[in-house]
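A closer look at the structure
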Amino acid sequence: MTVFDAIVVGAGPAGSSAALTMAKAGLKVALLERGSFPGEKNMFGGVLHRLTALEDVLPNFWDIAPLERHIVKKTLTFMTEGSSFSVNFDNQAANQPPYNGYTIFRPTFDRWLADQAVQAGATLLSSSTVDEVLREGGRIVGVRLLRDNAELRAPIVIAADGVLSFVARKAGLRQGRFNPDHQGVCIKALIDMPKDVIDDRFGLTRREGASNEIVGNTGGVRGGTFLYTNYNSLSLGMVLELGSLMKTDWTPYHLLNNLMEQPQIAKLLRGGRLLEYSAHLVPKGGYQMQPELFSDGIMVTGDAAALCIVTGLNLEGINLAAQSGVIAGKTAIVAHQQRDFSKGCLSNYKKQLEDSFVLKDLKLYRRTPDMLHNDRIYQQYPELVCGMMDEIYRIDGRPKAKMSQMILRQVKEKIGLKNMLADVYGGWRSL
Amino acid sequence: MKINLDEIFDYTSFNIDRDPHIILEENVCQQCDQRACVNCCPAACYTWDEDNKKMTFVHDGCLECGTCYVVCKNEAFSRWRYPRGGFGVAFRMT
Ligand SMILES: Cc1cc2nc3c(=O)[nH]c(=O)nc-3n(C[C@H](O)[C@H](O)[C@H](O)COP(=O)(O)OP(=O)(O)OC[C@H]3O[C@@H](n4cnc5c(N)ncnc54)[C@H](O)[C@@H]3O)c2cc1C
Ligand code: SF4
Ligand code: SF4
């Protein structure tokens with residue numbers, strides 16, 4: 001049996017950030033990953049937001065990391081079956097380092113990040129699925145692998161095993177079933193397209209990228225669509241709340257297929273070819289579904305701790321995962337200095353998370369899941385916005401209604417005045 | 001362009017383990033009044049045969065997303081874990 005200073009379960013952004021932090025400080029770290037390489041099991045939208053957590057250790061991050069494009073153009077679209085209304089934010093400030101966000105591929109990026117931890121001295125064990133945690137006198141002292149029932153021991157285990165986190169559950173830090181309202185299933189089609197075609201269609205040059213979030217046209221299911229530009233491919237996907245999807249007969253891929261036929265989307269995808277199809281869950285409940293973050297000998301990071309913010313305008317996860325991984329790593333370093341691996345010492349992990357943007361932002365957006373629980377957002381509001389635009393621009397030989405009357409009529413027809421007032425109040429509170 | 005799950009093995013790679021990582025107790029499904037797994041699974045691994053009242057589950061094209069684990073309120077799984085290291089779905093790009 002091998003003894004380490006710390007065991008990290010999962011070589012995603014949270015786990016590799018924790019391993020990198022601890023290895024740099026000289027700790028003997030095991031980084032365990034169930035995939036045959038880090039990133040093999042991982043997918044996301046996705047836009048990697050600026051990783052302030054790693055800028056100390058990787059100061060020239062944007063020169064060395066495998067990135068696709070940096071995002072300069074952000075679009076929010078309200079969409080119905082035949083029409084769409086978009087708000088566009090094109091920002092030159094985002095066109096120079098430190099860039100605000102990048103499109104990336106997880107199998108490439110996660111492998112690269114884990115490699116940074118390995119270069120700092122961490123031991124990466126791929127093809128290693130953790131099946132059980134080892135306990136001694138109530139404290140967590142290691143893990144057991146599915147392969148040959150091999151056991152690894154360390155005074156600290158960091159659970160960075162993603163959204164379902166069987167490690168947190170087995171350590172007793174998460175109890176009961178997941179609430180389907182707190183989980184979104186995401187499916188994604190990666191679409192092959194030449195770089196110059198993407199540049200022309202989205203108005204980009206060089207390594208500039210665009211991101212587009214789309215509300216509506218999800219069959220009334222609570223959720224949304226994203227369309228992101230990679231270097232020479234597009235990522236088109238949907239996030240669908242499970243609590244809402246399970247009450248319908250829709251399948252995720254039927255909804256995505258319908259969307260691909262929506263005329264405005266179809267034009268953007270024309271000539272593209274499907275390269276890969278993938279799926280993953282996202283812990284969209286955020287603050288409301290948080291497990292216990294630490295106990296004797298264990299800390300929980302990233303998606304495993306539901307450190308994810310889903311607002312509909314943006315999806316933040318990797319930046320929170322990396323930051324929580326770094327903080328867990330630093331806490332482990334202090335614990336080793338003090339030779340104290342108890343709950344009391346590891347409670348510093350939560351304190352530091354509370355002082356950082358991680359738990360501050362998560363708390364700030366804690367009511368957003370309730371606001372997004374409103375079914376009207378996903379059908380009636382996109383129809384309202386597109387309906388109003390249609391009346392404003394339509395020339396059909398009939399006299400136009402006064403704008404204020406037209407808006408009032410549309411609101412009454414599509415939403416109802418009372419609902420609208422309640423939604424505005426709820427939306428305002430959640431922001 | 002269309003996602004056709006009959007062709008999933010053409011565009012997503014798998015290293016299928018003969019020892020399944022999910023074992024479904026299909027008799028539990030016969031009593032189920034929801035069958036959310038059938039429409040929610042993004043890989044169409046669950047098929048309900050209404051005529052014969054029979055559930056079929058195939059783990060081959062499973063994307064290991066966890067959706068069925070979350071939506072099944074009857075805990076119909078005698079095993080739900082990730083595949084052994086190196087087995088299961090393998091994303092190449094994404
Ligand atoms: C469709 C979609 C879109 C998203 N878009 C964005 C976005 O645009 N921007 C953003 O910042 N975030 C986005 N996110 C969220 C982001 O992907 C996650 O928050 C982030 O990946 C969490 O990192 P993590 O390291 O905590 O977990 P993960 O990335 O899930 O990594 C967990 C790792 O643990 C491994 N593992 C799991 N169990 C075991 C085990 N038992 N033994 C060994 N290894 C194990 C897994 O293989 C994996 O490598 C999106 C998510 C989805 C699903
Ligand atoms: S929801 Fe559970 S019990 Fe019901 S059919 Fe699906 S797997 Fe079976
Ligand atoms: S884990 Fe996901 S892909 Fe696999 S069977 Fe369950 S729902 Fe389907």
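Our subject is the structure that appears above.
Residues numbered from 1 in each chain as written. Chains lettered and ligands numbered in written order. Predicted model: local features only at pLDDT ≥ 70, side-chain atom pairs only at ≥ 80, totals over all residues. Heavy atoms only, no water.

1. Here's the deal with the side chain of His49(A)
All names here are of chain A. Within the element layout of this structure, His-49 appears in strand S4 (residues 47-49). Overall, His-49 belongs to the buried group, its relative accessible area being 12%. At a separation of 2.8 Å, a polar atom in the side chain of His-49 contacts the main-chain carbonyl oxygen of Leu-315. Discounting residues that sit within four places of it in the chain, His-49 has contacts with Asn-100, Gly-101, Asn-314, Leu-315, Glu-316 and Asn-319. (Helix = DSSP H or I, 4+ residues; strand = E, 2+ residues; numbered from the N terminus. Buried < 20%, exposed > 50% of the residue type's maximum accessible area, 1.4 Å probe, protein only. Polar contact = N/O pair within 3.5 Å; in protein donor to acceptor, adjacent residues only side chain to side chain. Contact = heavy atoms within 4.5 Å.)

2. Observations regarding the site of ligand 1
For ligand 1, the set of nearby residues contains 36 residues, the closest of which are Glu33(A), Gly45(A), Val47(A), Arg106(A) and Asp303(A). Ligand 1 is flanked by residues contributed from chains A and B. Ala14(A) places a main-chain nitrogen or oxygen 2.9 Å from an oxygen atom of ligand 1. Between Asn42(A) and ligand 1, the recorded distance is 3.0 Å, taken from a side-chain N or O atom to an oxygen atom. Here ligand 1 has 990 Å² of accessible area as a free molecule, and 98% of this is covered by the chains. Breaking the shell around ligand 1 down by element, the ones donating at least two residues are helix H1 (13-24), S4, strand S17 (273-282), strand S21 (315-316) and helix H9 (318-338) of chain A. At three residues, H9(A) tops the list of elements feeding residues into the shell around ligand 1. Split by residue class, the shell around ligand 1 holds 16 nonpolar, 13 polar and seven charged. The two domains that each donate at least three residues to the shell around ligand 1 are domain 1 (2-65 + 104-175 + 291-355) and domain 2 (180-283) of chain A. (Near = heavy atom within 4 Å. Areas by Shrake-Rupley, 256 points an atom, 1.4 Å probe, with all protein chains shown as cover. Nonpolar A, V, L, I, M, F, W, Y, C, P; charged D, E, K, R; others polar. Domains from an automatic or database assignment.)

3. Description of the interface of chain B and chain A
On the side of chain A, 51 residues touch chain B, which itself brings 40 residues to the contact. If you sort the residues of chain B by the area they bury against chain A, Met1(B), Ile3(B) and Thr94(B) come out on top, with a joint share of 21%. Across the chain B-chain A interface, the total number found is three salt bridges. Across the contact surface, chain B and chain A share 21 residue pairs in polar contact (both at pLDDT 80 or more). (Buried area = accessible area lost by both parts, 1.4 Å probe. Salt bridge = Lys/Arg side-chain N within 4 Å of Asp/Glu carboxyl O.)

4. Focus: the packing of H9(A) against helix H11 (residues 357-364) of chain A
All names here are of chain A. One can describe the packing of H9 onto H11 by two numbers: an axis separation of 9 Å at closest approach and a directional angle of 140°. Considered as vectors, H9 and H11 are oriented oblique to each other. For the pair formed by H9 and H11, the contact residues are Asn-319, Leu-320, Gln-323 and Ser-324 on the first element and Phe-357, Val-358 and Leu-362 on the second. Residues of the contact of H9 with H11, tallied by class, amount to four nonpolar, three polar and no charged. (Axes fitted to C-alpha atoms, helices over the stretch in contact; angles between N-to-C directions. Parallel < 35°, antiparallel > 145°, perpendicular 65-115°, else oblique.)

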